[in-house]
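Structural characterization, general
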Amino acid sequence: MAGLFGWGARKPDEAPAPERPLETTSTSVVLPRFLGAVAPRSSPVILDLGPAVGTNVSFLGERLACKLLIGDLFHEVRTVKSDAPEDLRAALMARLERTVTSPLDGVLCWDVFDYLNRATAQAVAAFLVQHLQPGGVVHGYFAAAAGDIDRYTRYIIQDPSTLICRYESVPTRRRGVLSTRDLATIFAGTTVMESVLLKTQRREILIRKG
Amino acid sequence: MWKREEAPRPPQPVVPPPAPPPVVQQSTTPRVETAQPVQPVQQEKANVNIGKSVIIKGELSGSEDLTIEGQVEGKIELRQNVLTIGPNAKIKAQVLARAVVVEGSVQGNIATSEKIEIRDKGSVEGDLSSPRVAIADGAHFRGSIDMQQAKGGEKHEAKPAAAASTPTPAPAPAQPTAVPAPVSVAR
């Protein structure tokens, strides 16, 4: 009866907010296609816009016998103190110019574009397309929902279709969303071969040039 | 009254006390190590250390394993040996060795015939060329990693069948250690 009329009803203790995991596993249907597109190429060159991850270096080196260029663009995102977007854009382009010394067969951009405004994302994408070989491919993860980001995702290849996502806390930033149409626009001259919306509110995309 | 007469016990043999350990008299004459042993026995590999306060500018080469804790600017060449860059070392040089272990800071390209290992406190900015590259969690690296040339472009799935039937070559006999070339040290 007390429950019916709310008399003396005790408010249930508020459930504590669930802790966000530090690591999750993600199945990928796009990564195998990326690897399949790069593998037949002779002495392929792959640009990784993320940080150096030992497991990924070993995996890509053994599987593809490739030359791997490590861009680590998030280092600039984290260290550029200026709030002016053009300063970050200049730093990113300078880093790309120093890193990319040969035509590219593949690009991995797993957690980069979410931190960039539209103009900077367009400049980076144009650079990548310019340096991609015909038939070269881009494998990227992009946010599918706008909001604030307070953690960086480090992707670790466990096997050709499984990635471990390891999260690191970062200062909160505003995140924009690039739809599949936006990506097709900023990556002008390429074709979106695959676009998968994941449960984690991220979009996994494979883009091909030519 | 009920005590039985016990048979006389045989005399216990006298156990002499344990002999003291032999005292080895150490020779006071200094031991002179010869560069060329009489018999070709396997000698322990020597490891040269360059301390924290040492600064070298120029070319550094040798035929021994080397550990650097100081600063080197220029070029380091140890084609047949292992180079260890200690946690306090700061290297701005091109490095050529059989294997390299990085625990400190390197700005420059590294090329090895066996392996490059960057440990968790290590930092490298430059290009790596080696059949095997290992980067620990927490290590910093920016540049390129080339594992193509040393592998001859072989990929994981395309291992040649002949490799399985190739007999293992007999190990080469041990060679006497050569006298290392002198290294100029600038302080």
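Please read these numbers as outputs of a predicted model, since none were measured by experiment. (Residues numbered from 1 in each chain as written. Chains lettered and ligands numbered in written order. Predicted model: local features only at pLDDT ≥ 70, side-chain atom pairs only at ≥ 80, totals over all residues.)

1. Examining the interface of chain B and chain A
Reports often express the size of an interface as the amount of accessible area lost when the parts come together. Each side of the interface is counted separately: chain B has 18 residues, and chain A has 16 residues. Elements with a contribution of two residues or more to the side of chain B that touches chain A: strand S10 (132-135), strand S11 (140-146) and helix H1 (148-151) of chain B. Broken down by element, the residue count for the side of chain B that touches chain A peaks at six residues, all from S11 of chain B. (Contact = placed C-beta atoms within 7 Å. Helix = DSSP H or I, 4+ residues; strand = E, 2+ residues; numbered from the N terminus.)

2. Some points on the sheet that holds strand S1 (residues 23-27) of chain A
All names here are of chain A. The strand order across the open sheet built from three strands is S1-S7-S6, with neighbouring strands paired in antiparallel fashion. Whereas interior strands pair on both sides, the edge strands pair on one side only; in this sheet they are S1 and strand S6 (147-159). Ignoring strand direction, the axes of neighbouring strands in this sheet form an average angle of 40°. As paired strands, S6 and strand S7 (residues 162-175) are joined by eleven bridges and run antiparallel to one another. Directly across from arginine 151, in S7, lies its bridge partner serine 169. (Pairing = 2+ DSSP bridges. Axes fitted to C-alpha atoms, helices over the stretch in contact; angles between N-to-C directions.)

3. What about the environment of lysine 209 of chain A?
Residues and elements named next belong to chain A. Tracing the backbone shows lysine 209 in strand S9 (residues 202-209). Along the chain, lysine 209 and leucine 198 lie eleven residues apart, while their C-alpha atoms are 24 Å from each other. Ignoring any residue separated from it by four or fewer positions in sequence, one finds lysine 209 in contact with Val129, Leu132, Pro134, Gly135, Gly136, Gly189 and Thr190.

4. Observations concerning the packing of helix H5 (residues 85-99) of chain A against helix H6 (residues 118-131) of chain A
Residues and elements named next belong to chain A. For the pair H5 and H6, interaxial distance at closest approach is 9 Å and the crossing angle is 15°. Considering the angle they form, H5 stands roughly parallel to H6. As for the relative orientation of H5 and H6, their crossing is right-handed in sense. Between H5 and H6, the contacting residues are Pro85, Leu88, Arg89, Leu92, Met93 and Leu96 on the first element and Ala119, Thr120, Ala123, Val124 and Phe127 on the second. Among the residues forming the contact of H5 with H6, the class breakdown is nine nonpolar, one polar and one charged. (Parallel < 35°, antiparallel > 145°, perpendicular 65-115°, else oblique. Left-handed = near helix turned anticlockwise from the far one by under 90°. Nonpolar A, V, L, I, M, F, W, Y, C, P; charged D, E, K, R; others polar.)

5. Things to note about the confidence of the model for chain B
Residues and elements named next belong to chain B. For chain B, per-residue confidence averages 74 on the pLDDT scale, and 55% of positions sit at 70 or higher. For the stretch residues 22-35, pLDDT sits under 50, and the model shows two contacts to residues farther than four places along the chain or on other chains. Contacts from residues 156-187, a stretch scored under 50 in pLDDT, to residues over four places away or in other chains number 26 contacts. Interface scoring of the predicted complex returns ipTM 0.83; its pTM is 0.74. (pLDDT = per-residue confidence, 0-100.)

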